[in-house]
Amino acid sequence: GQSLEQPSEVTAVEGAIVQINCTYQTSGFYGLSWYQQHDGGAPTFLSYNGLDGLEETGRFSSFLSRSDSYGYLLLQELQMKDSASYFCAVKAAGNKLTFGGGTRVLVKP
Amino acid sequence: DAGITQSPRHKVTETGTPVTLRCHQTENHRYMYWYRQDPGHGLRLIHYSYGVKDTDKGEVSDGYSVSRSKTEDFLLTLESATSSQTSVYFCAISASSNEKLFFGSGTQLSVL
């Protein structure tokens, strides 16, 4: 089976940088994804890493190290609207996506 | 936004009753998924489908069944609802080789 570990909560101020780490154990690893979910809303896709390295999308970046079974999501220039839960997810054999427990990010003024 | 509709959006039912949740898509995506979300557990896969009449179990499939008779519809059935199945249920879709999942708005199910 698969298991993912990520911190449960992170608090930061507007304009700051937050890094959310995700470590995983899985068989047949294909890639690591990140999703954002605001309270009461549906998860929305943020990024995907299939290969080692950094992927940048605006203020958000995601990193993957397959050899370390580790990745992170970097949120830069934090804004109040970034207050949400962030989930890492791994894709393994069978096109199943397994999610971590989520990290709640609270942005303070 | 991807065309995914879940119905109903909210449902309250009693223990022991059957319940069916519907997911309808207009994207013609091959893959469809049912997840449940509970505090402290993130999103857990119940069942998924990789084509019409092709389904497979996820990590928390006990007590649930699914059917996909058309590309656009994926039904989740709780044969005999229990209080432990009180949760928010999300349907999601994806294209065959696309890692991006699009989620529906969710169904809040309460089993009393």
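One structure accompanies this document, and this report is about it. Nothing here was measured: the structure is a model prediction, and the numbers come from that model.

Definitions and limits used
- Residues numbered from 1 in each chain as written.
- Chains lettered and ligands numbered in written order.
- Predicted model: local features only at pLDDT ≥ 70, side-chain atom pairs only at ≥ 80, totals over all residues.
- Heavy atoms only, no water.
- Helix = DSSP H or I, 4+ residues; strand = E, 2+ residues; numbered from the N terminus.
- Rg over C-alpha atoms; globule rule 2.2 N^0.38 Å.
- Contact = heavy atoms within 4.5 Å.
- Areas by Shrake-Rupley, 256 points an atom, 1.4 Å probe, with all protein chains shown as cover.
- Lys, Arg positive; Asp, Glu negative; His and termini not counted.
- Charge placed at Lys NZ, Arg CZ, Asp CG, Glu CD.
- Disulfide = S-S within 2.5 Å.
- Buried < 20%, exposed > 50% of the residue type's maximum accessible area, 1.4 Å probe, protein only.
- Nonpolar A, V, L, I, M, F, W, Y, C, P; charged D, E, K, R; others polar.
- Pairing = 2+ DSSP bridges.
- Axes fitted to C-alpha atoms, helices over the stretch in contact; angles between N-to-C directions.
- Phe/Tyr/Trp six-rings, centres within 6.5 Å; stacked < 30°, edge-to-face > 60°.
- Lys NZ or Arg CZ within 6 Å of the ring centre and 35° of its normal.

As a further point, take the overall build of chain A. From N to C terminus, chain A includes 0 helices and 11 strands. The order of helices and strands in chain A, counted from the N terminus, is β-β-β-β-β-β-β-β-β-β-β. Its C-alpha atoms give chain A a radius of gyration of 13 Å, within 12% of the compact-globule value 13 Å for 109 residues. Dimensions of chain A, computed from C-alpha atoms along their principal axes, come out at roughly 40 × 30 × 20 Å. The contacts in chain A between residues at least 6 apart in sequence include a share of 56% that link residues at least 24 apart. For chain A, the accessible area works out to roughly 5100 Å², and carbon and sulfur atoms hold 48% of it. Within chain A, one finds 7 positive and 10 negative side-chain charges whose respective centroids are separated by 7 Å.

Counted according to the given criterion, the structure contains 2 disulfides over all chains. Each sulfur of the disulfide joining A:C22 and A:C88 lies 2.1 Å from the other. Handedness here is read from the sign of the S-S torsion; for A:C22 and A:C88, about 75°, the answer is right-handed. Linking A:C22 in strand β3 (residues 18-25) with A:C88 in strand β9 (residues 84-91), this pair joins segments that are 66 residues apart in sequence. A:C88 matches A:C22 in its accessibility class, with the two residues each being buried. Between B:C23 and B:C91 runs a disulfide, and the two sulfur atoms are separated by 1.9 Å. Across the S-S bond of B:C23 and B:C91 the torsion is about -70°, and the bridge reads as left-handed. Remark: B:C91 occurs in strand β9 (residues 87-94) and B:C23 occurs in strand β3 (residues 19-25); sequence separation between them is 68 residues. Considered together, B:C23 and B:C91 belong to a single accessibility category, that of buried residues.

Attention now moves to the interface of chain A and chain B. Contact with chain A, which involves 18 residues of that partner, is made by 20 residues of chain B. Secondary structure elements with two or more residues in the side of chain A that touches chain B: β4 (31-37), β5 (44-49), β9 and β10 (97-99) of chain A. Its residues assigned to classes, the side of chain A that touches chain B shows 8 nonpolar, 8 polar and 2 charged.

Moving on: the sheet that holds strand β1 (residues 4-7) of chain B. Residues and elements named next belong to chain B. Reading across the sheet, the 4 strands line up as β1-β3-β8-β7 and stay open at both edges, with antiparallel pairing between neighbours. Edge positions in the sheet fall to β1 and β7 (64-70), since each of these pairs with one other strand and no more. Pairwise comparison of adjacent strand axes, ignoring direction, gives a mean angle of 15° for this sheet. For β3 and strand β8 (residues 73-78), the ladder comprises 6 bridges, and the chain directions are antiparallel. Across the sheet, V19 pairs through a bridge with L78, a residue of β8.

This part covers the side chain of B:Q85. Residues and elements named next belong to chain B. Mapped onto the fold, Q85 is located in the loop between β8 and β9. Note on Q85: relative accessible area 5%, which makes it buried. In this structure, Q85 is in contact with R36, D62, G63, Y64, L78, S80, L109 and V111, ignoring residues within four places of it in sequence.

Counting across every chain of the model gives 17 aromatic pairs over all chains. Between A:Y70 and A:Y72, the aromatic rings sit 6.2 Å apart at their centres with planes inclined by 55°, giving tilted as the arrangement. On the basis of relative accessible area, A:Y72 is assigned to the buried category, the value being 16%. Members of the aromatic cluster, joined through ring pairs, are A:Y35, A:F45, A:F99, B:Y31, B:Y33, B:Y35, B:Y48, B:Y50, B:F90 and B:F103. The positively charged end of A:K91 is found above the aromatic ring belonging to A:Y30, 4.2 Å away from the centroid.

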